[in-house]
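Per-entry structural report
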Amino acid sequence: MSLFLDGSLGFAPDDYVSFTFFAGYMAMLAASVFFFFERSRVSDEWKTSMLVSGLITGIAAVHYYYMRDFYASTGESPVVLRYVDWTLTVPLMCVEFYLITKKAGGTKSILWKLIGASVVMLVCGYIGEAFYADMSSSWVWGALSGAAYFYIVWMVFRGDVAKLANSAGGQVAKANKMLGKFVLIGWAIYPIGYILGTTGGLFGMDLGINANTEVLNLCYNIADAVNKIGFGLVIYSLAISDNKATA
Ligand SMILES: *C/C=C(C)/C=C/C=C(C)/C=C/C1=C(C)CCCC1(C)C
């Protein structure tokens, strides 16, 4: 019986990309089980947030299962699977921001602004990777994607999301700051992967390094685990501490 589509049973010890695909898959799966089970321990108002956390890691787990096989059998970037995963999970992360600020008056319009910006960010990134990755113009799509990314960072740190979270104060403000750090630092790993993985990714500059599929996937896999599981854990600790406060 073979483990992978290419008929092999595993991967070489120095194949770090395959390792992160495999470990990422297991970590996402375990995190989903954790979020789904712990959901019963938090108060009602946090149950939807916990469900969304579990869905984010669950959707990623299924995609990692397929991406791992795709990479093992072709050695290429699973671009389409990667972006299908992100197109489902990033908007769900925007929903998390909406849910935690809802008590303080979070509106649907804020949610749609965040989702709209994340769609622009991902569509531009997809075009850059799927059609321009080998060309020195890939940076144009990366820059457009980056502009949408900075809009999200701004919304969370200074814009409507920050204002609402701060007016709610306490744990909500704290959780928003934590999630904001994930968006600012954790999400920044993705454009780094893009720059290293596409030709001329950084404003068309020749960095003297070859566009590297392996480094790109390594960055994306590490960032996914950090951000998707980390986001869920922040929500979880917020929900649990709120439990204690009201108990
Ligand atoms: C769970 C998946 C997440 C949180 C994915 C986030 C992806 C990004 C923040 C991607 C950003 C990009 C840029 C800012 C510019 C270059 C192209 C992208 C799409 C890699």
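Here goes a summary of the coordinates provided. (Residues numbered from 1 in each chain as written. Predicted model: local features only at pLDDT ≥ 70, side-chain atom pairs only at ≥ 80, totals over all residues. Heavy atoms only, no water.)

**Some points on the layout of surface pockets**
By volume, the largest pocket amounts to about 630 Å³. Gly142, Ser145, Gly146, Tyr190 and Pro191 are, among the 30 residues lining the largest pocket, the residues nearest its centre. Broken down by secondary-structure element, the contributors of at least two residues to the lining of the largest pocket are α3 (79-102), α4 (108-130), α5 (138-157), α8 (189-197) and α9 (213-246). Counting residues per element, the lining of the largest pocket draws most heavily on α5, which supplies eight residues. (1 Å grid on protein atoms, 1.4 Å probe; cavity = no way out; pocket = protein on both sides within 12 Å on 5 of 7 lines; lining within 4 Å. Points joined across faces, edges and corners; volume = space filled by probe spheres on them. Helix = DSSP H or I, 4+ residues; strand = E, 2+ residues; numbered from the N terminus.)

**Let's talk about the pattern of salt bridges**
As enumerated under the stated definition, the model contains six salt bridges in all. Where Arg41 meets Glu38, a salt bridge forms, and the shortest distance between an N and an O atom there is 2.9 Å. For Glu38, a relative accessible area of 14% corresponds to the buried category. We note a salt bridge from Asp224 to Lys228, for which the minimum N-O separation is 3.2 Å. Of this pair, Asp224 and Lys228 both sit in helix α9, four residues apart, roughly one helical turn. Exposure remark for Lys228: the relative accessible area of 3% places this residue in the buried category. Taken together, the shared-partner salt bridges in this structure form one network comprising Arg82, Asp224 and Lys228. (Salt bridge = Lys/Arg side-chain N within 4 Å of Asp/Glu carboxyl O. Buried < 20%, exposed > 50% of the residue type's maximum accessible area, 1.4 Å probe, protein only.)

**A word on the site of the ligand**
With respect to spatial proximity, 18 residues lie near the ligand, and among them Trp86, Met121, Ser145, Tyr190 and Lys228 are the closest. Mapping the ligand onto the cavity grids shows that it belongs to the largest pocket. It is α3 that contributes the most residues to the shell around the ligand, five residues altogether. For the shell around the ligand, a count of residues per class yields 11 nonpolar, five polar and two charged. (Near = heavy atom within 4 Å. Sits in = over half its atoms within 2 Å of the grid points. Nonpolar A, V, L, I, M, F, W, Y, C, P; charged D, E, K, R; others polar.)

**As for the packing of aromatic side chains**
Throughout the structure, instances matching the rule amount to 18 aromatic pairs. Measuring from centroid to centroid gives 4.9 Å for Trp86 and Tyr220, while their planes differ by 65°, and the two rings are edge-to-face. Placement of Trp86 in helix α3 and of Tyr220 in helix α9 is noted, with a sequence separation of 134 residues between them. Where Tyr132 meets Trp141, the ring centres are 6.0 Å apart and the plane angle is 35°; that geometry is what we call tilted. Look at Tyr132 and you get partly exposed, because its relative accessible area is 28%. In textbook terms, an aromatic cluster arises when at least three aromatic residues are bridged by ring pairs, as seen for Tyr83, Trp86, Tyr126, Phe131, Tyr190 and Tyr220. (Phe/Tyr/Trp six-rings, centres within 6.5 Å; stacked < 30°, edge-to-face > 60°.)

**A short note on α5**
The terminal C-alpha atoms of α5 lie 29 Å apart, and with 20 residues this matches the ideal 28 Å at 1.5 Å per residue to within 8%. When we look at burial in α5, the residues that qualify are Ser138, Ser145, Ala148, Tyr149, Ile152, Val153, Met155 and Val156. Buried residues along α5 cover an arc of 160° about the axis, so they all sit on one side. On its buried side, α5 packs onto α3, α4, α6 (160-168), α7 (170-186) and α8. (Expected span 1.5 Å × (residues − 1). Arc of directions from axis to C-beta. Contact = heavy atoms within 4.5 Å.)

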